[in-house]
Amino acid sequence: MTVWRPATHEIDPLLEAVANTARASILPAASINIPPPSADGVRSQRLRDGRELRLKLSSQYLEQGQRGSCTVLVYTLQGNAVVDDCMGYSVTAQAVLDVATRAFLNVECRLVPVGPAVP
């Protein structure tokens, strides 16, 4: 059994926002404080460090499996992010959701810089 431990470092605001948006993309009714997407599917939000994030993610069900005694659903996500209208990122993520509790057991996000954003 895993024992809870407090965080040892501050979570990067950009990764935190992407992970929260990934959760909201999979469970839109979850109580995550994320603004709804615009008509074109882009979510805009201000990061806690003041930067502006525009993010578009699409999620896809990958598989059902077992993690210990839990039945889980695994989702993959991909999309694009732009920070402060100047830096673009390619986003990939994977989320693991417990079927019984609808709790996210893991959300891993990867951002790869793709260069300056072109207006």
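For every chain, the first residue of the written sequence is number 1, and numbering continues from 1 along that sequence. Thresholds applied to this predicted model are a pLDDT of at least 70 for local features of residues and 80 or more for the giving and counting of side-chain atom pairs; totals over whole chains, interfaces and linings are not thresholded and use all residues. Computation of side-chain values: all heavy atoms of the structure, hydrogens and water removed.

Trainee: How would you sum up the overall build of the protein chain? Please name residues and give values.
Mentor: Along the backbone of the protein chain there are one helix and five strands. Each helix and strand of the protein chain, placed in order from N terminus to C terminus, yields the pattern α-β-β-β-β-β. Relative to the globule expectation of 14 Å for 119 residues, the C-alpha radius of gyration of the protein chain, 15 Å, shows essentially globular dimensions. The principal-axis extents of the C-alpha atoms in the protein chain amount to approximately 50 × 35 × 25 Å. Think of it in three bands: residues with accessible area under 20% of the maximum for their type are buried, residues over 50% are exposed, and the middle band is partly exposed, with areas taken using a 1.4 Å probe on protein chains only. For the protein chain, the proportion of its 119 residues judged to be buried stands at 31%. Contacts are assigned to residue pairs with any non-hydrogen atoms lying within 4.5 Å of each other. Considering only intrachain contacts with a sequence separation of at least 6, the fraction spanning at least 24 residues in the protein chain is 45%. Residue-level accessible areas treat just the shown protein chains as cover; the underlying method is Shrake-Rupley with a 1.4 Å probe. Put simply, the protein chain shows about 7800 Å² of open surface, and 53% of that area lies on carbon and sulfur atoms. We count Lys and Arg on the positive side and Asp and Glu on the negative side, and we leave His and both chain ends out. Working definition for charges: the position is that of NZ of Lys, CZ of Arg, CG of Asp or CD of Glu. Measuring between centres, the 11 positive side-chain charges of the protein chain sit 3 Å from its 11 negative side-chain charges. In DSSP terms, a helix is any run of H or I states spanning at least four residues, a strand is any run of E spanning at least two, and both are numbered starting from the N terminus. With the radius of gyration taken over C-alpha atoms, the globule rule is written as 2.2 Å times the number of residues to the power 0.38.

Trainee: I'd like to hear about the pattern of salt bridges, residue by residue, with values.
Mentor: We define a salt bridge as a side-chain nitrogen of Lys or Arg found within 4 Å of a carboxyl oxygen belonging to Asp or Glu. Under the definition given, this model contains four salt bridges. We note a salt bridge from Glu 16 to Arg 48, for which the minimum N-O separation is 2.7 Å. Highlighted residues: Glu 16 in helix α1 (residues 13-26) and Arg 48 in the loop between β1 (43-46) and β2 (52-67), separated in sequence by 32 residues. The class for Glu 16 is partly exposed, based on a relative accessible area of 29%.

Trainee: So what's going on with the environment of Ser 38? Residues and values would help.
Mentor: You can see Ser 38 is positioned in the loop between α1 and β1. A C-alpha to C-alpha distance of 9.8 Å links Ser 38 and Lys 56, two positions 18 residues apart in sequence.

Trainee: Describe α1, with residues and values.
Mentor: Expected helix span is taken as 1.5 Å per residue step, with the number of steps being one fewer than the number of residues. Here α1 is 14 residues long and its end C-alpha atoms lie 20 Å apart, about the 20 Å a rise of 1.5 Å per residue gives. Taken residue by residue, α1 has Pro 13, Leu 14, Ala 17, Val 18, Ala 19, Thr 21, Ala 22, Ala 24 and Ile 26 as its buried positions. Along its buried surface, α1 packs onto β1, β2, β3 (70-83), β4 (87-98) and β5 (104-116).

Trainee: Could you give an account of the side chain of Gln 45, naming the residues involved and the relevant values?
Mentor: For Gln 45, the location among the structural elements is in strand β1. In protein, a polar contact requires one atom able to donate a hydrogen and another able to accept it; more generally it is a pair of N or O atoms within 3.5 Å, and residues adjacent in sequence count only if both atoms are side-chain atoms. One polar contact links Gln 45 to Thr 21, side chain to side chain, over a distance of 3.2 Å. When neighbours within four sequence positions are excluded, Gln 45 is seen to be in contact with Ala 17, Thr 21, Ile 34, Pro 35, Arg 51, Glu 52 and Leu 53.

Trainee: So what's going on with the environment of Leu 105? Residues and values would help.
Mentor: The topology assignment puts Leu 105 in strand β5. On a C-alpha basis, the gap between Leu 105 and Val 91 in space is 20 Å, while along the polypeptide they are 14 residues apart. Residues contacting Leu 105, with those up to four places away along its chain left out, are Val 72, Val 96 and Asp 98.

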